[in-house]
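Chain by chain, the residues:
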Amino acid sequence: VSRTKMSGDSICVGAFDVDNRRNIRLLNALGHNHSANFPLQIGNVAVATYINRAGAVAPHTEDVLLQTHSPCISEKEVISLINQLANIIEGPITNCFGGRLFSPDGGAMAIRRNNLSDHSVCFWKANRELILNRFGKYEYRAERVSTTVKYVGFQEPLRLIPAGTVLRLSLSRWWNIDDREKYCWLQLSGWYL
């Protein structure tokens, strides 16, 4: 479903398990992120086997250890599958992650340790257009919320993502800026037009 850039050559590979109707994050069999040469690409559909990662800690409860995978149906069916089977959040962006998002610095949104979400990935149907700014972040403006969302995906960035587009949002691993409290920051992994 998605590929997210991480440090060095590492990528985070996100997927949606159609049979179990759940978001998963595919780690290798040893529990590490994949490298950029991992063969599954954005929009690919595969038959896969995996085991749940022992000791997964909220909000990153989607981590699984990939055992096997092979190509399956055509990529054109991905949007249809997501729309039929996934839980797609609607309304303002603040509805995502159980309504726990907040803006610690008045800009980007995150969650904090004392108000955890039970998941770190979601599909959201954008209720407003998102506009790419000169810093590579998407600006979201609604009546009560104005924020930016860092784009960490591999798709060619769009200047404007129309309202009504299904997006895959994720929360970063815990990190901080300038020795402040660590947060899981909101990021945009990709979209499905």
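Here, every reference points to the structure presented above.
K.L.:
Before we move on, could you go through the overall build of the protein and cite the residues and values that matter?
P.N.:
Of regular secondary structure, the protein possesses one helix and 15 strands. Whereas a compact globule of 193 residues would reach a radius of gyration of roughly 16 Å, the protein reaches 16 Å, a difference of no more than 12%. Reported as C-alpha extents along the three principal axes, the dimensions of the protein are approximately 45 × 35 × 30 Å. Within the span of the protein, comprising 193 residues, buried residues form 42% of the whole. Considering only intrachain contacts with a sequence separation of at least 6, the fraction spanning at least 24 residues in the protein is 64%. Positive and negative side-chain charges in the protein, numbering 22 and 17 respectively, have mean positions lying 3 Å apart.

K.L.:
Any details on the nonpolar core? Residues and values, ideally.
P.N.:
With 24 residues, the main nonpolar core has Ile93, Trp124, Leu169, Leu186 and Leu188 as its most contacted residues. Listed by contribution, the elements that provide at least two residues to this core are strand 9 (121-125), strand 11 (137-141), strand 12 (146-151), strand 14 (166-171) and strand 15 (184-192). The element that contributes the greatest number of residues to this core is strand 15, accounting for four residues. Of all hydrophobic cores here, the second largest spans nine residues; its members include Val13, Phe38, Val64 and Leu66.

K.L.:
Give me the lowdown on the packing of aromatic side chains, citing residues and values where you can.
P.N.:
A full pass over the atoms with the stated rule returns nine aromatic pairs. Residues tryptophan 175 and tryptophan 185 carry aromatic rings whose centres are separated by 5.8 Å and whose planes lie at 40 degrees to one another, so their mutual orientation is tilted. Note that tryptophan 175 is positioned in the loop between strand 14 and strand 15 and tryptophan 185 in strand 15, a separation of ten residues in sequence. Residue tryptophan 175 is classed as partly exposed on the basis of its relative accessible area of 40%. Overall, the relative accessible area of 7% leaves tryptophan 185 in the buried class. Every member of this aromatic cluster is reached through a ring pair, and the members are Phe102, Trp175, Tyr183 and Trp185. The ring of phenylalanine 102 carries the charged tip of arginine 112 above its face, separated from the ring centre by 3.8 Å. Sitting over the face of the ring of tryptophan 174, arginine 113 holds its NZ or CZ atom 4.1 Å from the ring centroid.

Reading the values: the criteria
Residues numbered from 1 in each chain as written. Predicted model: local features only at pLDDT ≥ 70, side-chain atom pairs only at ≥ 80, totals over all residues. Heavy atoms only, no water. Helix = DSSP H or I, 4+ residues; strand = E, 2+ residues; numbered from the N terminus. Rg over C-alpha atoms; globule rule 2.2 N^0.38 Å. Buried < 20%, exposed > 50% of the residue type's maximum accessible area, 1.4 Å probe, protein only. Contact = heavy atoms within 4.5 Å. Lys, Arg positive; Asp, Glu negative; His and termini not counted. Charge placed at Lys NZ, Arg CZ, Asp CG, Glu CD. Core = buried A, V, L, I, M, F, W, Y, C linked by side-chain atoms within 4.5 Å. Phe/Tyr/Trp six-rings, centres within 6.5 Å; stacked < 30°, edge-to-face > 60°. Lys NZ or Arg CZ within 6 Å of the ring centre and 35° of its normal.

Scope: geometric values only; no functional claims are made or implied.
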